[in-house]
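Next come the chains, spelled out residue by residue.
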Amino acid sequence: MELTILNTAGEDTGRKIELQDSVFGIEPNEHAIYLDVKQFLANQRQGTHKSKERADISGSTAKIKKQKGTGTARAGSIKSPLFRGGGRCFGPRPRNYTFKLNKKLKQLARKSALAVKAQNNALVVVEDFNFEVVKTKMFVDLQNNLKVSDKKVLLVLNEDNKNIYLSSRNLKNVEVVRVSDLATYDIMKASTLLFVESSIKGLDEMFKLN
């Protein structure tokens, strides 16, 4: 699979870049994508939820009425979940939502997500560029030139670039990541993947294709 390399003006540079079939040409494994996205979202959870159960409520421990002869149901504790102000029954407790996935499965999930985007023609490659100053308008102009201003864009850089990151930070439909930090969730969330030319080579290193 080959893609045309565009410049920042959205024009064809006359050069093409070859994408590895072992990444972009595989049959996507939807279940691997599901598990990796599920793990990513689970890891975001703090798990600090807690409600007071009957053991956590402060109140009298005395039996609140006699066992028999009242004509109503027997009751022992004022802290029972049946009463207003009582403890909650089977409420949430603090817990850790993280779970383990094998490295090979996570790698398969990333490859599958990239293959899905390739099948949907949602990949754009632009030559390496830099902004001399931090300016959001420059990034907006780049989006317009590449005709991706109305899409959720994930810009994949080969290495950190502070000016590009800060120029895009105020745009709600744009995310900028390093290729080494590329996650399945980020790939699937975006409608268009915008790779700089050098980040394609970074993908080869990440998946150890060379």
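Residues numbered from 1 in each chain as written. Predicted model: local features only at pLDDT ≥ 70, side-chain atom pairs only at ≥ 80, totals over all residues. Heavy atoms only, no water.

Undergrad: Explain the side chain of Asn 7 here, please?
TA: Summarising the element assignment, Asn 7 is placed in the loop between strand E1 (2-6) and strand E2 (12-18). A distance of 2.8 Å separates a polar side-chain atom of Asn 7 from the backbone nitrogen of Glu 11. Residues in contact with Asn 7, not counting those within four places in the same chain, are Thr 13, Val 126, Glu 127 and Leu 146. (Helix = DSSP H or I, 4+ residues; strand = E, 2+ residues; numbered from the N terminus. Polar contact = N/O pair within 3.5 Å; in protein donor to acceptor, adjacent residues only side chain to side chain. Contact = heavy atoms within 4.5 Å.)

Undergrad: Just to check I follow, could you spell out the sheet that holds E2 for this structure?
TA: Paired through their backbone hydrogen bonds, the strands of a sheet run either parallel or antiparallel. Read from one edge to the other, the open sheet built from six strands follows the order E2-E1-E3-E6-E4-E5, with strand pairing classed as mixed. Since the sheet does not close on itself, it has two edges, and those belong to E2 and strand E5 (174-178), each with one partner. Neighbour-to-neighbour, the strand axes of the sheet open up by a mean angle of 30°, direction not taken into account. Sheet analysis places strand E4 (residues 153-157) next to E5, joined by five bridges and oriented parallel. Bridge pairing in E5 places Val 153 opposite Val 174. (Pairing = 2+ DSSP bridges. Axes fitted to C-alpha atoms, helices over the stretch in contact; angles between N-to-C directions.)

Undergrad: Which parts of the structure should I look at to understand helix H3 (residues 103-119)?
TA: For the α-helix, the turn length of 3.6 residues means that residues three or four positions removed from each other point alike. Over its 17 residues, H3 runs 24 Å from end to end, which matches the ideal 24 Å to within 8%, given 1.5 Å per residue. Those residues of H3 that sit buried are Ala 109, Arg 110, Lys 111, Ser 112, Ala 113, Leu 114, Ala 115, Val 116, Lys 117 and Ala 118. In the core, the buried residues of H3 are packed alongside helix H1 (21-24), helix H2 (30-44), strand E3 (123-126), helix H6 (184-189), strand E6 (192-196) and helix H7 (197-206). Among the residues trailing H3, Asn 121 stands out with phi positive, at a value near 55°. (Expected span 1.5 Å × (residues − 1). Buried < 20%, exposed > 50% of the residue type's maximum accessible area, 1.4 Å probe, protein only.)

Undergrad: What's the story with the packing of aromatic side chains in this structure? I'm lost.
TA: Each aromatic ring pair is specified by the distance between its two centres and by the angle formed by the two planes. On inspection of all chains with the given rule, the structure shows four aromatic pairs. Pairing Phe 129 with Phe 131 gives two aromatic rings, centres 5.5 Å apart and planes at 50°, and the pair type is tilted. Classification of Phe 129 by relative accessible area gives buried; the value is 14%. The rings of Phe 129, Phe 131 and Phe 139 are connected pair by pair, giving a single aromatic cluster. Stacked on the ring of Tyr 97, the Lys or Arg Arg 95 has its end atom at 3.9 Å from the ring centre. (Phe/Tyr/Trp six-rings, centres within 6.5 Å; stacked < 30°, edge-to-face > 60°. Lys NZ or Arg CZ within 6 Å of the ring centre and 35° of its normal.)

Undergrad: I keep staring at the packing of H2 against H3 and nothing clicks. Help me out?
TA: Each packed pair of helices is defined by two parameters, the angle between the axes and the distance between the axes. With their axes 8 Å apart at the nearest point, H2 and H3 run at an angle of 110° to one another. With respect to H3, the axis of H2 lies roughly perpendicular. Taken as a pair, H2 and H3 cross one another with a handedness that is left-handed. Together, Ala 32, Ile 33, Leu 35, Asp 36 and Gln 39 of H2 and Leu 105, Lys 106, Leu 108, Ala 109, Ser 112, Ala 113 and Val 116 of H3 make up the contact between the two elements. Classifying every residue of the contact of H2 with H3 by side-chain character gives eight nonpolar, two polar and two charged. (Parallel < 35°, antiparallel > 145°, perpendicular 65-115°, else oblique. Left-handed = near helix turned anticlockwise from the far one by under 90°. Nonpolar A, V, L, I, M, F, W, Y, C, P; charged D, E, K, R; others polar.)

Undergrad: I keep staring at the domain arrangement of the protein and nothing clicks. Help me out?
TA: Interfaces are often described in size by the accessible area the parts lose on coming together. According to the domain assignment, the protein contains domain 1 (2-45 + 97-207) and domain 2 (49-95). The distance between the C-alpha centroids of domain 1 and domain 2 comes to 54 Å. (Domains from an automatic or database assignment.)

Undergrad: Hey, could you run me through the environment of Gly 69 in this one?
TA: Tracing the sequence through the fold places Gly 69 in the loop between H2 and H3. Separated by 104 residues in sequence, Gly 69 and Asn 173 place their C-alpha atoms 68 Å apart.

Undergrad: What should I look at first to understand unusual backbone geometry in this one?
TA: The general pattern is negative phi for most residues beyond glycine and trans for most peptide bonds. A positive phi is found at Phe 90, a non-glycine position, where the angle reads about 55°. Following the sequence through the fold, Phe 90 ends up in the loop between H2 and H3. Even without being a glycine, Lys 147 presents a positive backbone phi close to 60°. Its location among the elements puts Lys 147 in the loop between helix H4 (136-145) and E4. Taking relative accessible area as the criterion, Lys 147 reaches 66% and is therefore assigned exposed.

Undergrad: When you look at the pattern of salt bridges in this model, what are you seeing that I'm missing?
TA: Going through the model one piece at a time under the given rule, you end up with nine salt bridges. We note a salt bridge from Arg 15 to Glu 197, for which the minimum N-O separation is 2.8 Å. Residue Arg 15 is found in strand E2, and its partner Glu 197 is found in helix H7; the two are separated by 182 residues along the sequence. For Arg 15, a relative accessible area of 35% gives the class partly exposed. (Salt bridge = Lys/Arg side-chain N within 4 Å of Asp/Glu carboxyl O.)

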